[in-house]
Amino acid sequence: ESQPLSWRLPTAEPPSTTAEHPRESELSPRRGRPRVRWRARTFATAAFAAGLLLLFEHTRRIAVRRGADPQWYAAAYIALALLYQPFWTIYRVGGQTTPWVFLLLVLALGSYVRTRWLSAALLLVLAVLIKPAFVFVPVFLAFVSGRKFFLTLASVVTSAGLLSLA
């Protein structure tokens, strides 16, 4: 005979003081890993803030040139930035590399717009080395940007590959 489904959540047992469960004093922010996590999240938040600020400055100029009210644009940008999901992910599940990749991509955007091909290629390759899922960004840009950027990106990727073998 089957038993009825229970809709109650399982209750967690209180942690013991065995080696399996650390003591409360070991989880304090003054010792070990939790402090490292706190620092990593602090730096990740700073990286996100820097990336969002740089992106705001870059896009604000474009919006004002097109006739947008600067105060309205700033308010809309801040509201959208607060809704940006990966920003909150670093506090919920970790994701300490996402802010750094975001910052690298914003810096690469600035270099790319100013036609500084070498720095744009270096920043994009570094972002892909941190998060390989972004490999399609430099590939797409290499094919739509022309020969100069394609050759610069190819040389940076080749150099990074050779450097990894050394």
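Everything that follows concerns the structure shown earlier in this document.
Note that the coordinates shown come from a computational prediction; the quantities given were computed from them, not determined experimentally. (Residues numbered from 1 in each chain as written. Predicted model: local features only at pLDDT ≥ 70, side-chain atom pairs only at ≥ 80, totals over all residues. Heavy atoms only, no water.)

## Observations regarding the packing of aromatic side chains
With the rule as written, the count across this model stands at 8 aromatic pairs. Geometrically, the ring pair formed by phenylalanine 48 and phenylalanine 102 is tilted, given 5.4 Å between the ring centres and 45° between the ring planes. Here phenylalanine 48, found in helix 1 (residues 32-65), pairs with phenylalanine 102, found in helix 4 (residues 98-113); they are 54 residues apart in sequence, far enough to count as distant. Residue phenylalanine 48 is classed as buried on the basis of its relative accessible area of 0%. The buried category is assigned to phenylalanine 102, whose relative accessible area is 12%. Considering the side-chain rings of tyrosine 112 and phenylalanine 149, the 5.5 Å spacing of their centres and the 85° angle between planes classify their relative orientation as edge-to-face. With tyrosine 112 in helix 4 and phenylalanine 149 in helix 7 (residues 147-165), this residue pair connects regions lying 37 residues apart in the sequence. Taking relative accessible area as the criterion, phenylalanine 149 reaches 0% and is therefore assigned buried. (Phe/Tyr/Trp six-rings, centres within 6.5 Å; stacked < 30°, edge-to-face > 60°. Helix = DSSP H or I, 4+ residues; strand = E, 2+ residues; numbered from the N terminus. Buried < 20%, exposed > 50% of the residue type's maximum accessible area, 1.4 Å probe, protein only.)

## Looking at a positive patch on the surface
A grouping of Arg61, Arg65, Arg66, Arg114 and Arg116 is seen on the molecular surface, where their side chains present a positively charged patch. Mapping arginine 116 onto the fold places it in the loop between helix 4 and helix 5 (117-130). (Patch = residues over 30% accessible without salt bridge, like charges linked within 9 Å, V, L, I, M, F, W, Y side chains within 5 Å. Areas by Shrake-Rupley, 256 points an atom, 1.4 Å probe, with all protein chains shown as cover. Salt bridge = Lys/Arg side-chain N within 4 Å of Asp/Glu carboxyl O. Lys, Arg positive; Asp, Glu negative; His and termini not counted. Charge placed at Lys NZ, Arg CZ, Asp CG, Glu CD.)

## What about the environment of leucine 53?
Its location among the elements puts leucine 53 in helix 1. For leucine 53, a relative accessible area of 54% gives the class exposed. Linking leucine 53 and leucine 103, residues 50 residues apart in sequence, is a C-alpha distance of 9.9 Å.

## Quick word on the packing of helix 6 (residues 136-144) against helix 7
In the contact formed by helix 6 and helix 7, the axes pass within 7 Å of each other and the chain directions differ by 145°. Of the residues in helix 7, those touching helix 6 at Pro138, Leu141, Ala142 and Phe143 are Phe149, Phe150 and Leu153. Its residues assigned to classes, the contact of helix 6 with helix 7 comprises 7 nonpolar, no polar and no charged. (Axes fitted to C-alpha atoms, helices over the stretch in contact; angles between N-to-C directions. Contact = heavy atoms within 4.5 Å. Nonpolar A, V, L, I, M, F, W, Y, C, P; charged D, E, K, R; others polar.)

## Considerations on unusual backbone geometry
Here the phi dihedral of threonine 115 falls at roughly 55°; this positive angle occurs in a residue that is not glycine. Mapped onto the elements of the fold, threonine 115 is located in the loop between helix 4 and helix 5. Judged by relative accessible area, which is 48%, threonine 115 ranks as partly exposed.

## Describing the pattern of salt bridges
Taken as a whole, this structure holds 1 salt bridge when the rule is applied. Between glutamate 57 and arginine 60 there is a salt bridge, with the nearest N and O atoms lying 2.9 Å from each other. Separated by 3 residues within a single helix, glutamate 57 and arginine 60 lie in helix 1, roughly one turn from each other. Here glutamate 57 falls in the partly exposed class, since its relative accessible area comes to 28%. Judged by its relative accessible area of 26%, arginine 60 falls in the partly exposed class.

## Overview of the environment of leucine 123
Within the secondary structure layout, leucine 123 lies in helix 5. Separated by 33 residues in sequence, leucine 123 and valine 156 have C-alpha atoms that sit 10.0 Å apart. Setting aside chain neighbours within four positions, we find leucine 123 in contact with Leu104, Leu107, Ala108 and Ser111.

## Points about a nonpolar patch on the surface
Together, Val135, Phe136, Val139, Phe140, Phe143, Val144, Phe150 and Leu151 line one region of the surface with nonpolar side chains, adding up to about 820 Å² of accessible area. Top element by residues in the nonpolar patch is helix 6. It accounts for 5 residues. Considering the arrangement of structural elements, one finds phenylalanine 136 in helix 6.

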